[in-house]
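Examining the three-dimensional arrangement
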Amino acid sequence: TGSVKVEAWKPKLKELLSFLAKATIMKYQPSIIGITGSVGKTSAKEAVYAVLKDARSVRASCGNMNNEFGLPLTILADWSPLDLSAISSSRGADHSIFRKIFFWMKVIFVGFRNIIFNVKYPEVLLLEYGIQKPGDMKYLLDIARPSIAIVTALGDLPAHMEFFNSVEALAREKGRLVEAVPAVGFVVLNVDERFVYEMKDLARAHVVTFGFDKDAEVRIINLENLSTEDHPFGVTFKISYGGAMVPVRFVNTFGKPQAYAAAAAAAIGIIFGSNLVKISEALSRNYVPAKHRMNLISGESGFFIIDDSYNASPASMVAAIETVKSLTAKRKIAVLGDMLELGALGISAHEEMGRLSGEVFDFLLTVGARGKIIAEAALKDGHILRKNIKSFDNAEDVIIELKALLKVGDLVLIKASRGIGLDRVVDALKI
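Residues numbered from 1 in each chain as written. Predicted model: local features only at pLDDT ≥ 70, side-chain atom pairs only at ≥ 80, totals over all residues. Heavy atoms only, no water.

**Observations regarding the sheet that holds strand E12 (residues 331–337)**
Pairing is mixed across the open sheet formed by six strands, whose spatial order is E10-E11-E15-E12-E13-E14. Edge strands, defined here as strands with exactly one partner in the open sheet, are strand E10 (295–298) and strand E14 (389–392). Across this sheet, the average inter-strand angle for adjacent strands is 20 degrees, counted without regard to direction. Here four bridges tie E10 to strand E11 (residues 304–308), and the two strands are oriented antiparallel to one another. If you follow leucine 296 over to E11, its bridge partner there is isoleucine 306. (Pairing = 2+ DSSP bridges. Helix = DSSP H or I, 4+ residues; strand = E, 2+ residues; numbered from the N terminus. Axes fitted to C-alpha atoms, helices over the stretch in contact; angles between N-to-C directions.)

Next comes the structure, spelled out in structure tokens:
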């Protein structure tokens, strides 16, 4: 079949993409900022882009373009979502073989055009380095070696553990990004994360730290999620550096992940010669939270949704649950699904999410096989009434239950790994 033929060409296509990306970087010599971590890569990328975009010509990777295909594609051009839909794995994407062939022909044409002719190319490339197995980081670094690296967070139970036998092994693989930065560069590390902060020992470059800890150079203080019983609003916090301090406020998004993203971006702004006042203004003016990541959405009958359906790891799930705990609402409802790619840590991680959920929510609806583990743990150790905990096999079934359940003033958290498809639940409920 046509699809089998395309799959057979993937290794050659990968090789060609790598060549074109390397040649493009060699010709135009952009500054490269590389971001890695198991949690918060995309939010940090969006925040850094917000801080730099008015002063520099910047290209940031689109969506989740952080792997062996996505990273070189970002280097070659600023593709539109319509372009990328030809190869997207998201549900509903048109996977016509002709569209795929046309897209890859366009990519190859653009790649060679960049090399042969002089085109307007960005000063700064903002790239995510995503990994799933040992060796992935080395492959990406062979294509693009950054002069600045940001490591966001791993968590005690990170995602993408399927091919790693320990958190330390995953940290070593991600730490290759830190090792790759030259002595004249900068490494920006989350001081609150033990495995991340310990990467300072791998760095030849100057290390800048961020986080809530009192020893952080770029420090987050006074974080507060804002809400009334009738309406959640957003998150506010302050960022301090070198004796100066500025307030930051984001509307319609919540939680520590947004503050971490802003602090990492502030560190980059400082590296590029900006000051906290300008950085705060740029964040307020330009920052757009990534889609499906702690976004506040109004529901069709006066309830509110915190849409965190893009992906899930134990660390991001804990952050989302703690955020809802800090907010005020008439009733708190969770729709939680499987956290995938956790390997041997999967069962205990889902049990822990169940225990936490049982302390926070009035209703718990779970989706997927591992979601049932969350429900069982919440029933065993939590305070939710048995009749208010239900499990479903798929996203469509939970939509019917939710539409009957939700009332004015309810706050519902929707979160799971991308493969569970809870974005369909969000789409069905929002205005």
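**Observations concerning the nonpolar core**
Nonpolar side chains in soluble globular proteins tend to be buried together. By size, the foremost hydrophobic cluster in this structure holds 39 residues, and its most contacted members are Ile33, Val218, Phe237, Ile239 and Leu283. Broken down by element, the residue count for this core peaks at 10 residues, all from helix H10 (residues 256–271). Core analysis: the next-biggest nonpolar cluster, separate from the first, contains 36 residues, Ile32, Ile143, Phe164 and Ala169 among them. (Core = buried A, V, L, I, M, F, W, Y, C linked by side-chain atoms within 4.5 Å. Buried < 20%, exposed > 50% of the residue type's maximum accessible area, 1.4 Å probe, protein only.)

**Observations regarding the side chain of arginine 331**
Relative to the elements of secondary structure, arginine 331 occurs in strand E12. Looking at arginine 331, the relative accessible area reads 18%, which means it is buried. Within the structure, arginine 331 has its side chain in polar contact with the backbone oxygen of leucine 405 (distance 2.8 Å). Aside from chain neighbours lying at most four places away, what touches arginine 331 is Asp362, Phe363, Leu405, Leu406, Lys407, Gly409, Asp410 and Leu411. (Polar contact = N/O pair within 3.5 Å; in protein donor to acceptor, adjacent residues only side chain to side chain. Contact = heavy atoms within 4.5 Å.)

**Observations regarding the packing of helix H12 (residues 314–326) against helix H13 (residues 346–360)**
Angle between the axes and distance between the axes: these two values describe a pair of packed helices. Contact geometry of H12 with H13 gives a least axis separation of 10 Å together with a crossing angle of 5 degrees. If you check the angle between H12 and H13, you find them roughly parallel. Where H12 approaches H13, its residues Pro314, Met317, Val318, Ile321, Val324 and Lys325 are matched on the opposing element by Ala349, Met353, Leu356, Ser357 and Val360. For the contact of H12 with H13, the per-class residue count stands at nine nonpolar, one polar and one charged. (Parallel < 35°, antiparallel > 145°, perpendicular 65-115°, else oblique. Nonpolar A, V, L, I, M, F, W, Y, C, P; charged D, E, K, R; others polar.)

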